[in-house]
Every structure is written in structure tokens, then in C-alpha cells.
Amino acid sequence: MTSDLPRSRPSSQFDLFLSFTILALQGFGGVLAVVQREMVERKRWLTQEEFIEEWAVAQIMPGPNVVNLALMIGSRYYGLRGGLVALAGMLTVPLLVVLVLAVLHSHYAHHPGVAGALRGMAAVSAGMIAATGLKLASALGKHPLPMWLTGAIALLCVVFVVLLHLPLAYTLLILGSIGVTLTYRKLKGHQP
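Residues numbered from 1 in each chain as written. Predicted model: local features only at pLDDT ≥ 70, side-chain atom pairs only at ≥ 80, totals over all residues. Heavy atoms only, no water.

## Examining the packing of helix α1 (residues 13-26) against helix α4 (residues 65-108)
Inference 1: Running from N to C, α1 and α4 cross one another at 45°; their axes reach a closest spacing of 7 Å. Regarding the angle of α1 to α4, the classification is oblique. Of the two elements, α1 crosses α4, and the hand of that crossing is right-handed.
Inference 2: Looking at the contact of α1 with α4, its residues break down into 15 nonpolar, 6 polar and 1 charged. (Axes fitted to C-alpha atoms, helices over the stretch in contact; angles between N-to-C directions. Helix = DSSP H or I, 4+ residues; strand = E, 2+ residues; numbered from the N terminus. Parallel < 35°, antiparallel > 145°, perpendicular 65-115°, else oblique. Left-handed = near helix turned anticlockwise from the far one by under 90°. Nonpolar A, V, L, I, M, F, W, Y, C, P; charged D, E, K, R; others polar.)

## Quick look at the nonpolar core
Generally speaking, nonpolar side chains in soluble globular proteins are found buried as a group.
Inference 1: Residues Phe 20, Val 35, Met 39, Leu 69 and Ile 73 are the most contacted members of the largest nonpolar core, which totals 24 residues.
Inference 2: Elements with a minimum of two residues in this core: α1, α2 (32-42), α3 (48-60) and α4.
Inference 3: With 10 residues, the top contributor of residues to this core is α4.
Inference 4: Discounting chain neighbours no more than four positions away, the residues touching Ile 73 are Phe 20, Met 39, Trp 45, Leu 46 and Glu 54. (Core = buried A, V, L, I, M, F, W, Y, C linked by side-chain atoms within 4.5 Å. Buried < 20%, exposed > 50% of the residue type's maximum accessible area, 1.4 Å probe, protein only. Contact = heavy atoms within 4.5 Å.)

## Considering the domain arrangement of the protein
Inference 1: What the domain assignment lists for the protein is domain 1 (13-108) and domain 2 (139-191).
Inference 2: In this structure, domain 1 and domain 2 have C-alpha centres spaced 31 Å apart. (Domains from an automatic or database assignment.)

## Focus: the UniProt feature "transmembrane region" (unreviewed entry) in the protein
Inference 1: In this structure's numbering, the residues bearing the UniProt feature "transmembrane region" (unreviewed entry) are residues 16-35, 82-104, 116-134 and 146-164.
Inference 2: Split by type, residues 82-104 is 100% helix and 0% strand. Its first and last C-alpha atoms lie 34 Å apart. (UniProt positions renumbered as here; feature names shortened; annotations may be inferred.)

Following this line, the structure appears as C-alpha cells:
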């Protein structure tokens, strides 16, 4: 069990920077499992309980949750400077990679192989989103609303975005408001 292992900490701010750079380069499509493995099991900078608490806070703060977590972990060990170093580790190399890819894309965008590769990546992205949705669907069993109603809201979301081409912001505003209202009423003892 990881909580029985001796605690560790970053050996320097450079170690902090390098660790978050490597973490950022591993995080394609979802980083929760990668961050947990690196910070708790491999580096032992956090216990499992600390990780869950800090991840929960990182999720409710504005911005990307892994960036928020990097700021919190960096500041835990080296104050504001450590938070900024961890943030730089999360953003510097991925930003350079994106800039290089943008330059390459501008030169080779009209090549048929590039267009095919982008179509293939879109399919992979859609599959990853669907797989994440299926993993998270198991949590719906604990939701106060009945499964048929949460499924209907999810189906309406697909209809709004895919068939009606309604912007995602409007879809979330409409269906999110309905979901929050129904859940609130259910928790207050009213039947929807």
C-alpha cells in the first residue's frame, strides 16, 4: 500500500519542473490515472488521501484541473515559486510541441496523408470521449435521479449537438439547468 511507504519530496525546483514536464507529455486524452501513478505511487509526493483531496479542489477551480493540481503541489513544497515552476513544467514543452505541429501543418495541410491522419485522429478522439463517458456512467447508479431520466438527458445532449447542431454552450446551459433543477427537487423531497 502506498501510504506505508516513506514520504518523499521534490529534490529541487528543477526536479519539480522536470517531473511535471514528463507528466504533461504523458497526458494524452486524460491524465487522472497518470497523475495519480506519478505523484502517489512512483514519486510518493502525496498520499492517496492527499491526492484525492487536492484533485477534488483542482476540479472545482477554474481552468484545467491538472494545471491547478501542478500549482498546488508546486506551492506545497516551494511556495509561489514552486507553483510557477510546476506550471512552467506543465506548459513549456507541450506548447513547443504544439507550435512545431502548427508550423508543420501549415506547410503540409494540403497533403492527402495529413488530411487522412487528421480524420483518423478525430475518430480516435471521439472513441476516447465515448470510453470516458462509459467509465463515468457507472457513477450514475448513485445519482438521485432515476437511470432512465439521466439516460434521456444524455440522449438529448447527443441529439442537440449531433443532429440539431446546437452549440455545446447552449446545450449545456439548457440540459444542465434541467438536470440541476430535477436533482435539486429530488433531493428536497419533491418528485419531478
